Amino acid sequence: MTPQKSAAAALEWLRYKSFRTDQQGNKTFLGLDAGLKRYNTKEDLHDNPGRMLQLDYHPGMLHKDWYAAAIMLRDNDLLKRTSKPQ
Amino acid sequence: MKTGLFLAASIFITCAFNTSPVQAITCDGAKPALSRKQLVATLRRQEFPNIMLDKVSHLELKQLGNIKVSDTSCFSIIIYTAELDRGPGSETHRVARLLVLKNLHYIGMYPIDTLPFEISGNTVNFRGEEKWGNKIVFDKEDPPQRIHLGGEFRELFK
């Protein structure tokens, strides 16, 4: 697995998880936020302080909600970094 | 010599005329009940990927219950959850699967995003709207090969 392949696979997975299919096979686009929530979902709360080392400590918040917010914040940070005047 | 012949004849008669039906297995909400140790041992002996037992953290195995579809078929439904960590710089991935054992033999798993909350009759129920798929029905001798769950079609695989 290379970073390029990993990034492509991640985007494809995000695209896949951003859609929902009904029993007839009709697809509905849920949006990016819902896609991120479904991207890496597990409904635990991660309120163990031992996880602080992994930046994965979010007491009272479902993991899927935390994960989506964390990705969006990282995205935001990246955008800010790239938009700084040189 | 005479004893040997007598034993052989007894075995032959027992086998030839034993017409009693196959003993029905006990299968209800509580039995068969497998401990975590028994589950891990069962999965290791069969075709369950060892990597999913050895190369993960926060491994949890919970028996949701059993579903009896006939006198000779009993499905045990197991919730598997774990975390895969591929080292520094990579995001920890959560893995959840619904494992299916038939008469205590591992036969496959479904990928799941959310965990089921109950077994009702022969149905494993999940939260969510019915139109996106919120249940798995076990009504045949084999589990369904394809299910509709959480807005996705998912296959049973090993």
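None of these values were measured; they are calculated from a predicted model.

## Notes on the interface of chain B and chain A
At the junction of the two partners, chain B supplies 15 residues and chain A supplies 12 residues. Listed by contribution, the elements that provide at least two residues to the side of chain B that touches chain A are strand 3 (93-102) and strand 9 (152-155) of chain B. A total of three residues in the side of chain B that touches chain A trace back to one element, the largest contributor, which is strand 3 of chain B.

## What to know about the sheet that holds strand 6 (residues 123-125) of chain B
Residue and element names in this part refer to chain B. The strand order across the open sheet built from three strands is 5-6-7, with neighbouring strands paired in antiparallel fashion. In this open sheet, the two strands that pair with only one neighbour each are strand 5 (118-120) and strand 7 (135-137). Strand after strand, the sheet turns through a mean of 20 degrees between neighbouring axes, direction not considered. Relative to strand 6, strand 5 is paired through three bridges, and the arrangement is antiparallel. Looking at strand 6, one finds that Glu118 is bridged to Asn125.

## Considerations on the confidence of the model for chain B
Residues and elements named next belong to chain B. Per-residue confidence for chain B averages 85 on the pLDDT scale, and 81% of its residues sit at or above 70. Note on residues 11-22: pLDDT is under 50 here. Beyond four places in sequence and across chains, it has one contact. Across the assembled chains, the prediction reports ipTM 0.71 with pTM 0.79.

## Side note on the nonpolar core
Residues and elements named next belong to chain B. Counting residues in hydrophobic clusters, the biggest one holds 23 residues, and the most contacted among them are Phe75, Ile77, Ile78, Leu98, Leu99, Val100 and Leu101. Elements represented by at least two residues in this core include exactly helix 2 (36-45), strand 2 (73-84), strand 3, strand 4 (105-111) and strand 8 (146-149). The element that contributes the greatest number of residues to this core is strand 2, accounting for five residues. For Ile77, the residues in contact, after removing those within four places along its chain, are Leu64, Gly65, Ile67, Leu98, Val100, Ile119 and Val124.

Here is what the cut-offs are and how they apply
Residue indices follow the written sequence of each chain, beginning from 1 at its first position. The order in which chains are written sets their letters, starting at A; the order in which ligands are written sets their numbers, starting at 1. In keeping with the model being predicted, local features are shown solely for residues with a pLDDT of at least 70 and side-chain atom pairs are shown and tallied solely at 80 or more, while totals for entire chains, interfaces and linings include all residues. Here, residues touch in the contact sense if the C-beta positions derived from the backbone fall within 7 Å of one another. Only DSSP runs of H or I covering at least 4 residues are called helices, and only runs of E covering at least 2 are called strands; the numbering of each starts at the N terminus. Strands are treated as partners if at least two bridges between them are detected by DSSP. In this description, a line fitted to the C-alpha atoms serves as the axis of each element, helices being fitted only across the stretch in contact, and the angle between N-to-C directions of two axes falls anywhere from 0 to 180 degrees. Every residue is assigned a pLDDT by the predictor, reflecting its confidence on a scale from 0 to 100. The nonpolar core criterion groups buried Ala, Val, Leu, Ile, Met, Phe, Trp, Tyr and Cys residues into a set whenever they are joined through C-beta atoms within 7 Å. Labels follow a simple rule on C-beta atoms placed from the backbone: if 20 or more others lie within 10 Å of a residue's own, it is buried; if 12 or fewer, it is exposed; otherwise it is partly exposed.

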